[in-house]
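Residue-level listing of the chains:
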Amino acid sequence: MNFSEYIKLAISALRSNRLRSTLTLLIISFGIMALIIIFTCIDAIRGNITENFIELGAGAFTIQKEEGISRRRGGDKLTKLSFAEAEAFKSKFSFPAKISMNTRLNSNAIIKTRFSESNPNVGLEAGDLNYIDLAGKNIAEGRNFTEIEIQNGSNVAVLGYDAAAKLYPAIDSVVGSKIVVEGKKYSVIGLLESKGASAGKNDNFVLIPYTNGRKEYDFSNVSFNIIIEAPDPDRLEKAIAEAEGVMRNVKKLGALDENNFSIVRSDKLANTYLEQISFIEVATGVIGFLTLLGAGVGLMNIMLVSVNERTREIGLSKSLGATSRTIFMQFLLEAITICVLGGVVGVILGLILGNLIAVFVLESRFTLAVTWVIGGILFCTLIGLMAGLFPAYRASKLNPVDALRYE
């Protein structure tokens, strides 16, 4: 018999036991489907991180407070970048780069509109004219602050997409409306585009001019961030070196003193996210391997039961001239066929469900995890091979006389 005839024989045997074959196929399918869903979502998140990095700019970096300083050295008071220090840095930094200063005034603000009131979980941020651009945010409706509004500390605000979606019945009613933030009235002049739910993005916030924040809020306990974008990526290292020197001077650090502030490059931040995702990917792969290994053990048990149930059939086949090789290949290919079909069904379902999650939940584009698709099908083939070897060997070694007498 040639290989195609072995395949036909295996498929015919599977059709004669449709319920058992279908249940076995579903065990494999659901395992592969779960893996493909997870890896499709991981690829979507990875793509979002890369896109966000591009938006932030390859030549961008942020100066912020140092998180890891010991309390014995002064704790948060020593590490925080005060408003005065941020302004002093901005005035002394002469490198030809775009610069922005911003801070978060409150993470639990309450916003009221004429339509509804938010939960106490809205972020209240204060920034300057360049903040929206350098932070990789885009205006969807309305406009950014003007120079005059920054200078006057006007009561104007730009809303993040999630905050607006929760407070307004329609997005087109946002710009030009009035809101109350912590008891203070603001005119909404802009609405930001949604950034989705990945890569640490959060659109549930309201942005006001930092000069207005200085008038209305206490700046003594907040820490500012300074975003700097070099004119081109090739000058990034030089910009970082100059920024570090200026900030050390602003902080009045001695020659032997360590920095009590952090400089975070946007590409380093992206790589940190990607490393964390890689760890999740490895952990998921291990769990998936163990799950499919368990499915393989279950398949082997089912095949052994099948050998016992079909003992008389095997004896009849041998008495009619079937060789041990024919019986061996039939049972082996049955196990492999079930696994491969289960893998294909699981891959198709995984890609459909995974991309539905990626597009509608993670707000990413269609993703095809080619490596995991091919790897999943090959792994299913291997599982089928491992699960089918012993049952096939056992079936091929049955004595035809004893098999015909089996009840």
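Just so it is clear, the structure is predicted and the values come from calculations on it, not from any experiment. (Residues numbered from 1 in each chain as written. Predicted model: local features only at pLDDT ≥ 70, side-chain atom pairs only at ≥ 80, totals over all residues. Heavy atoms only, no water.)

A.B. asks: Any chance you could break down the overall build of the chain for me, citing the residues and the numbers?
C.D. replies: If you tally the helices and strands in the chain, you get 14 helices and 11 strands. Residues classed as buried in the chain amount to 45% of the 407 residues present. Of all intrachain contacts in the chain linking residues separated by at least 6 positions in sequence, the fraction that spans at least 24 positions is 78%. In the structure as shown, the chain presents an accessible area of about 20,500 Å², 59% of it carried by carbon and sulfur atoms. (Helix = DSSP H or I, 4+ residues; strand = E, 2+ residues; numbered from the N terminus. Buried < 20%, exposed > 50% of the residue type's maximum accessible area, 1.4 Å probe, protein only. Contact = heavy atoms within 4.5 Å. Areas by Shrake-Rupley, 256 points an atom, 1.4 Å probe, with all protein chains shown as cover.)

A.B. asks: Report on the pattern of salt bridges, specifying residues and quantitative values.
C.D. replies: One pass over the full model with this rule turns up five salt bridges. The shortest N-O distance in the salt bridge between Asp 128 and Lys 90 comes to 3.1 Å. Highlighted residues: Asp 128 in the loop between β4 (122-127) and α5 (131-134) and Lys 90 in helix α4 (residues 83-92), separated in sequence by 38 residues. The buried category is assigned to Asp 128, whose relative accessible area is 2%. (Salt bridge = Lys/Arg side-chain N within 4 Å of Asp/Glu carboxyl O.)

A.B. asks: Residue-level account of unusual backbone geometry, with values.
C.D. replies: Among all residues except glycine, the phi angle is most often negative; among peptide bonds, the trans geometry is most common. With a phi angle near 50°, Glu 182 is a residue other than glycine that sits in the positive phi range. Among the residues examined, Glu 182 registers a relative accessible area of 33% and is labelled partly exposed. In this model, Lys 252 sits at a positive phi of 60°, which is unusual for a non-glycine residue. Position of Lys 252 relative to the elements: it lies in the loop between α9 (236-250) and β11 (261-265). Note on Lys 252: relative accessible area 73%, which makes it exposed.

A.B. asks: Residues and numbers for α4, please.
C.D. replies: Taken as a whole, α4 has its buried residues at Phe 83, Glu 85, Ala 86 and Phe 89. Viewed end-on, α4 has its buried residues packed into an arc of 165°, placing them on one side of the element. Summarising the geometry of α4, the exposed residues directed more than 90 degrees from the buried face are Ala 84 and Ser 91. Those residues of α4 that are buried lie in contact with β1 (60-65), β2 (98-109), α8 (210-216), β10 (225-229) and α9. (Arc of directions from axis to C-beta.)

A.B. asks: Mind laying out the packing of α4 against α9, listing which residues take part and the relevant values?
C.D. replies: Where α4 contacts α9, the two axes come as close as 10 Å, and the packing angle between them is 135°. Accordingly, the angle class assigned to the pair α4 and α9 is oblique. Judged by the twist between their axes, the crossing of α4 over α9 is right-handed. Where α4 abuts α9, its residues Glu 85, Ala 88, Phe 89 and Lys 92 lie against Ala 243, Val 246, Met 247, Asn 249 and Val 250. In terms of residue class, the contact of α4 with α9 is built from six nonpolar, one polar and two charged. (Axes fitted to C-alpha atoms, helices over the stretch in contact; angles between N-to-C directions. Parallel < 35°, antiparallel > 145°, perpendicular 65-115°, else oblique. Left-handed = near helix turned anticlockwise from the far one by under 90°. Nonpolar A, V, L, I, M, F, W, Y, C, P; charged D, E, K, R; others polar.)

A.B. asks: Can you tell me about the environment of Ile 327, naming the residues and giving the values?
C.D. replies: With respect to the element layout, Ile 327 can be found in helix α12 (residues 324-360). Classification of Ile 327 by relative accessible area gives buried; the value is 1%. With 65 residues separating them in the primary sequence, Ile 327 and Ala 392 have C-alpha atoms 7.1 Å apart.

A.B. asks: Just give me the short version of the nonpolar core, but keep the residues and values in it.
C.D. replies: Ile 63, Phe 89, Leu 159, Ile 179 and Ile 228 are the most contacted members of the largest nonpolar core, which has 58 residues in total. For this core, the element with the most residues is α9, which contributes seven residues. Ignoring any residue separated from it by four or fewer positions in sequence, one finds Phe 89 in contact with Ile 63, Ile 99, Ile 226, Ile 228, Ala 243, Val 246, Met 247 and Val 250. Membership of the second largest hydrophobic core comes to 29 residues, among which are Ile 28, Met 329, Ala 335 and Ile 338. (Core = buried A, V, L, I, M, F, W, Y, C linked by side-chain atoms within 4.5 Å.)

A.B. asks: Mind laying out a nonpolar patch on the surface, listing which residues take part and the relevant values?
C.D. replies: Taken together, the side chains of Val 282, Val 286, Phe 289, Leu 290, Leu 293, Leu 382, Leu 385, Met 386 and Leu 389 present a nonpolar region at the surface, about 770 Å² in accessible area. Elements supplying a minimum of two residues to the nonpolar patch: α10 (266-309) and α13 (370-396). Among the elements that line the nonpolar patch, the one with the most residues is α10, at five residues. You can see Leu 389 is positioned in helix α13. (Patch = residues over 30% accessible without salt bridge, like charges linked within 9 Å, V, L, I, M, F, W, Y side chains within 5 Å.)

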